Amino acid sequence: MLWALVYLVLILGGLALLVLCAWRVWQKVRGVRRALGELSTRVSGLATDTAALSARLDHAEVGARLADRTS
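Conventions adopted
- Residues numbered from 1 in each chain as written.
- Predicted model: local features only at pLDDT ≥ 70, side-chain atom pairs only at ≥ 80, totals over all residues.
- Heavy atoms only, no water.
- Helix = DSSP H or I, 4+ residues; strand = E, 2+ residues; numbered from the N terminus.
- Rg over C-alpha atoms; globule rule 2.2 N^0.38 Å.
- Buried < 20%, exposed > 50% of the residue type's maximum accessible area, 1.4 Å probe, protein only.
- Areas by Shrake-Rupley, 256 points an atom, 1.4 Å probe, with all protein chains shown as cover.
- Lys, Arg positive; Asp, Glu negative; His and termini not counted.
- Charge placed at Lys NZ, Arg CZ, Asp CG, Glu CD.
- Patch = residues over 30% accessible without salt bridge, like charges linked within 9 Å, V, L, I, M, F, W, Y side chains within 5 Å.
- Salt bridge = Lys/Arg side-chain N within 4 Å of Asp/Glu carboxyl O.
- Phe/Tyr/Trp six-rings, centres within 6.5 Å; stacked < 30°, edge-to-face > 60°.

Q: Explain the overall build of the protein chain to me, using residue names and the numbers behind them.
A: On a plain count of helices and strands, the protein chain comes out with one helix and zero strands. At 30 Å, the protein chain has a C-alpha radius of gyration far larger than the 11 Å of a compact globule built from 71 residues. Seen through its C-alpha atoms, the protein chain measures out along the principal axes to roughly 105 × 15 × 5 Å. Across the 71 residues in the protein chain, those meeting the buried criterion constitute 0%. Accessible surface for the protein chain amounts to roughly 6700 Å². Of this, 71% is attributable to carbon and sulfur atoms. With 9 positive and 5 negative side-chain charges, the protein chain shows a separation of 18 Å between the mean positions of the two kinds.

Following this line, the structure appears as structure tokens:
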């Protein structure tokens, strides 16, 4: 009877430890998903800024070429 109680405690303790580890991993996954969403938003903003700067650079190059041709 004593051994059965010891085995029961060990099994329940192992299950509790497994559940605790699974919960902790799930928390980490949620954190990574949240960070991924934030990074995705930042990348979108940087892509928009890059496109705007590229357009400005193209405009400046065209202006410089026209200035060279007119002089």
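Q: How would you explain a nonpolar patch on the surface if you had to name every residue and give the values?
A: Together, Leu2, Trp3, Leu5, Val6, Tyr7, Leu8, Val9, Leu10, Ile11, Leu12, Leu15 and Leu18 make up a nonpolar patch on the protein surface, roughly 1300 Å² of accessible area in all. Residue position: leucine 18 is located in helix 1 (residues 2-70).

Q: I'd like a description of the packing of aromatic side chains, backed by residues and values.
A: All told, the structure shown has one aromatic pair when counted by the stated rule. With a centroid separation of 6.3 Å and an interplanar angle of 35 degrees, the aromatic rings of tryptophan 3 and tyrosine 7 are classed as tilted. Here tryptophan 3 pairs with tyrosine 7, and both are found in helix 1, just four residues apart, close to one helical turn. Overall, tryptophan 3 belongs to the exposed group, its relative accessible area being 60%.

Q: I'd like a rundown of the environment of leucine 53, residues and numbers included.
A: Turning to its location among the elements, leucine 53 is positioned in helix 1. Sequence separation of leucine 53 and leucine 15 is 38 residues, and the distance between their C-alpha atoms is 56 Å.

What is shown is where atoms sit, not what they do.
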